[in-house]
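As a plain string of letters, each chain reads:
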Amino acid sequence: MSALTRFLTSAKTSWIILVVTAAAAAGLFALAGSEDSETSPSVGLPSSAESVKVDELLEEFSSAEATSALVVFAAEDGALDADALALIDEKAFGELADLSRNGAVPPAQISEDGTVALVIVPLEPEPDVAEQSARAQEIRDISAAELDGVRVYLTGAEGFEVDIAAVFDGADFTLLLTTVIVVAVLLLITYRSPWLWIVPLVVIGLADALAGIVARQVASAVGIQLDASITGILSVLVFGAGTNYALLLIARYRDELRLHEDRREAMQRALRGAGPAIIASGSTVALALLTLLLAEIAGNRALGLACAVGILVAMFFALFVLPAALVLFGRGLFWPYIPRFNSPDAISRSVWGKLGRGVSKRPVLVASVGFVVLGAMASGLLFVQTGLSQNDRFLQKPEAVQGQEVLADAFSAGTTSPAIVVVPLDDADAAIAALGDLDGVDSATMGETTDELARIDVTLDASAETEAAFAAVERMRDALDVVGSGEGLVGGLDSQALDVADAQARDQALLIPLILALVFVVLVLLLRAFVAPLLLLIAVVASFFSAIGLSWWLFQSPLFGFPAIDTNVLLFSFLFLVALGVDYSIFLVTRAKEEATHLGTTQGMIRALAATGAVITSAGILLAAVFAVLGVLPLITLTQIGIIVCIGVLIDTLLVRTVIVPALAFITKDTFWWPRRPPLSDAEATRQGADALSAEQKPDVVSVGVG
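Criteria and cut-off values
Residues numbered from 1 in each chain as written. Predicted model: local features only at pLDDT ≥ 70, side-chain atom pairs only at ≥ 80, totals over all residues. Heavy atoms only, no water. Helix = DSSP H or I, 4+ residues; strand = E, 2+ residues; numbered from the N terminus. Buried < 20%, exposed > 50% of the residue type's maximum accessible area, 1.4 Å probe, protein only. Contact = heavy atoms within 4.5 Å. Pairing = 2+ DSSP bridges. Core = buried A, V, L, I, M, F, W, Y, C linked by side-chain atoms within 4.5 Å. Axes fitted to C-alpha atoms, helices over the stretch in contact; angles between N-to-C directions. Disulfide = S-S within 2.5 Å. Patch = residues over 30% accessible without salt bridge, like charges linked within 9 Å, V, L, I, M, F, W, Y side chains within 5 Å. Areas by Shrake-Rupley, 256 points an atom, 1.4 Å probe, with all protein chains shown as cover. Salt bridge = Lys/Arg side-chain N within 4 Å of Asp/Glu carboxyl O. Lys, Arg positive; Asp, Glu negative; His and termini not counted. Charge placed at Lys NZ, Arg CZ, Asp CG, Glu CD.

Asker: Describe the overall build of the protein, with residues and values.
Answerer: Along the backbone of the protein there are 23 helices and 8 strands. Taking the principal axes of the C-alpha coordinates as reference, the protein spans close to 120 × 50 × 50 Å. Residues classed as buried in the protein amount to 54% of the 707 residues present. Considering only contacts in the protein between residues 6 or more positions apart, those separated by 24 or more positions represent 79%.

What follows is the structure, encoded as structure tokens:
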């Protein structure tokens, strides 16, 4: 360790790490070129899901390679007149038919009240996003031409794909720019120096750029595709965690500069002091993220792999590149607040030390009040609703969503998302009869057939992705199990959404206990204790519940008005909050462990709180702000993750780490480190402190005698 820190900080060798890093970065940028991630998130259900099995069977039908655009014509006032209907049919049989897959478009379907017409345009799948968007725009232009008093919407599979691609277009750049601005401003406020903030920002910015490239290469090597939502979260995580590590290292470096005249020796000491905490913190987060590789849903696995790679890259830059960059400059880098050699110890005068001494006087009362506050914030858990429909996932409704809502109002509620049933051909008639009698089914009609299979299109009487629609899908599945050979399967949008919710529930049941166990093991290995890790884990889980409860009240407010929390938000929020939230306790308790060797548990914790209070608070506020930046992306899912993690990190930073964890340490005293015995017990430290105070107050007998 000493040889490595000397290599990173020595005047003769520190430049090597910077040159090697710059060369490696240039090579990776050249290798990656202008590679971009997929623009839209995918579902990623396992092959065992029933909706996936239906999609596989549909490949055997002649329409397997087809998609469709739904063009909705809605009268602005009253019903569509005869001229408008004639013009719509003319478009359907003319220019729209020319764009269709087989040169034909079915006649328009008219709602019972005559206010809405629906034209279904069969299309060939278009993998190129730009070509697909151009074709969609052509359909819009043709459909809207010469129609006065009629609103036109493009929706359906084609409409949603185009709109999702559009809302993510440029989202990565917007997210990155906003994140950089937020981090730069907060670093400037934290350091109050006109140039110190530039060094960590440049280093972590380079780490973020390389993390995206490395993550895509690693994911590609194992057959995983990263979409824009994952790369967005990856960027936020690397900036947030990387800047946290930088803050911790620079704060320790500033303290050591007061004790050592040589800045390179000061950096060596800072690395030896802060390095273990950074490694423990980053390892905890990376290992917790890697548990997502056990998830059923491909999107969860992709997020876990990409973000784990990002954390490792952030750790490397914080531990290797940042120290080498900082020692290039003298103490003037901290101007105007330059840490002079032998200057007074700022830790002893810290407001956080005063807070620690105050908490130590009544720790039971403080801990009790702290947990009561957490419980009050967690009250929203009693009312949380989960599951967002496709129409509810956008912050601003795109055209495809608006079109779906118009269709749902004008036609049967399930018209916009019919269920697709595939049965053996011999069972088709019996299946239609059985499905038609079910509660929640509006109609069941025969579709395409092959030599062995039949497709049945089922219209539900419930809106898409609602509890009623899910219940109808489950009844259909149960009914088909006893029809003929029992091989009938239910697919479609509602079936897929139900399968996603079930898979997410299974992932949560597996991964949440696994993450807790993993974090606990890491804490035990780091602290060589059992009581402290258990108390830290209880505190951070309590803060997670508080963050969810408080966020739910916020989501229900007029400011957001979200109807529910998306199915994957709870798992991701738990992962980030437990892994990142425990970071701050790690930073605090590892310093307390260091100080306790010569001060005892109580005074060691007070000293640790005084030493780390300012930097951890700054780090927590910065991380919370960075995650809040996810709100600039267009999906409600990402906004919800950002808000929950933001609130949770602030709770961890300002309440759990500041008050509750120190209070628990003061209550348990030396038992906090059980089964390890601290070198200096709390009782011995108290006695030594009393003896020292007594010695200071005792009169100098020799001096008196001589006088």
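Asker: Help me get a handle on the pairing of strand S6 (residues 441-449), residues and values and all.
Answerer: Alignment of S6 against strand S7 (residues 453-460), held across 6 bridges, turns out to be antiparallel. Residue Thr-449 lies in a different strand from S7, and its bridge partner there is Ala-454. With antiparallel pairing between neighbouring strands as the criterion, S6 and S7 make up a hairpin whose turn holds 3 residues.

Asker: Quick rundown of the nonpolar core? Include the residues and the values.
Answerer: Within the largest apolar cluster, 166 residues are counted, with the highest numbers of intra-cluster contacts made by Tyr-253, Leu-289, Ile-311, Leu-326, Phe-576 and Phe-627. It is helix H20 (residues 569-628) that provides the largest number of residues to this core, a total of 31 residues. In this view, Ile-311 contacts Leu-237, Ala-241, Tyr-245, Gly-282, Val-285, Ala-286 and Leu-289; residues no more than four positions away in its chain are not counted.

Asker: If you had to explain the sheet that holds strand S5 (residues 419-424) to someone new, which residues and values would you point to?
Answerer: Hydrogen bonding along the main chain pairs the strands of a sheet, whether they run parallel or antiparallel. Spatially, S6-S7-S5-S8 is the arrangement adopted by the 4 strands of the open sheet, whose pairing is antiparallel. Among the strands making up the open sheet, the edge pair consists of S6 and strand S8 (489-491). This sheet shows a mean twist of 25 degrees between the axes of neighbouring strands, independent of strand direction. Here 6 bridges tie S5 to S7, and the two strands are oriented antiparallel to one another. Directly across from Ala-419, in S7, lies its bridge partner Val-458. Along the sheet, helix H16 (residues 428-436) makes contact with S5, S6 and S7, crossing S6 at roughly 165 degrees.

Asker: Can you explain the state of the cysteines? Please cite residues and give values.
Answerer: Summed over the entire model, instances satisfying the criterion amount to 0 disulfides. Cys-307 forms no disulfide, and the closest cysteine sulfur to it belongs to Cys-646, at a distance of 18 Å. Residue Cys-307 is classed as buried on the basis of its relative accessible area, which comes to 0%. Look at Cys-646 and you get buried, because its relative accessible area is 16%.

Asker: Now, about unusual backbone geometry: what can you tell me, with residues and values included?
Answerer: Note that the residue after Trp-335, namely Pro-336, is joined by a cis bond; omega there is 10 degrees. Position of Pro-336 among the secondary structure elements: in the loop between helix H12 (298-326) and helix H13 (351-361). Omega for the peptide link from Trp-674 to Pro-675 comes to 10 degrees, which places this bond in the cis form. By the secondary structure assignment, Pro-675 is in the loop between helix H21 (636-668) and helix H22 (682-697). Located in the positive-phi region is Glu-146, a residue other than glycine, with phi close to 65 degrees. Looking at where Glu-146 falls in the secondary structure, it is placed in the loop between helix H6 (129-144) and strand S4 (150-155).

Asker: Account for a negative patch on the surface, naming residues and giving values.
Answerer: Together, Glu-76, Asp-77, Glu-90, Glu-95, Asp-98, Glu-138, Asp-141, Glu-146 and Asp-148 make up a negatively charged patch on the protein surface. Its location among the elements puts Glu-138 in helix H6.

Asker: Could you give an account of the environment of Ala-75, naming the residues involved and the relevant values?
Answerer: For Ala-75, the position within the fold is in strand S1 (residues 67-75). Between the C-alpha atom of Ala-75 and that of Gly-149, which follows or precedes it by 74 residues, the distance is 6.2 Å. When sequence neighbours within four positions are dropped, the list of residues in contact with Ala-75 reads Leu-80, Thr-115, Gly-149 and Arg-151.

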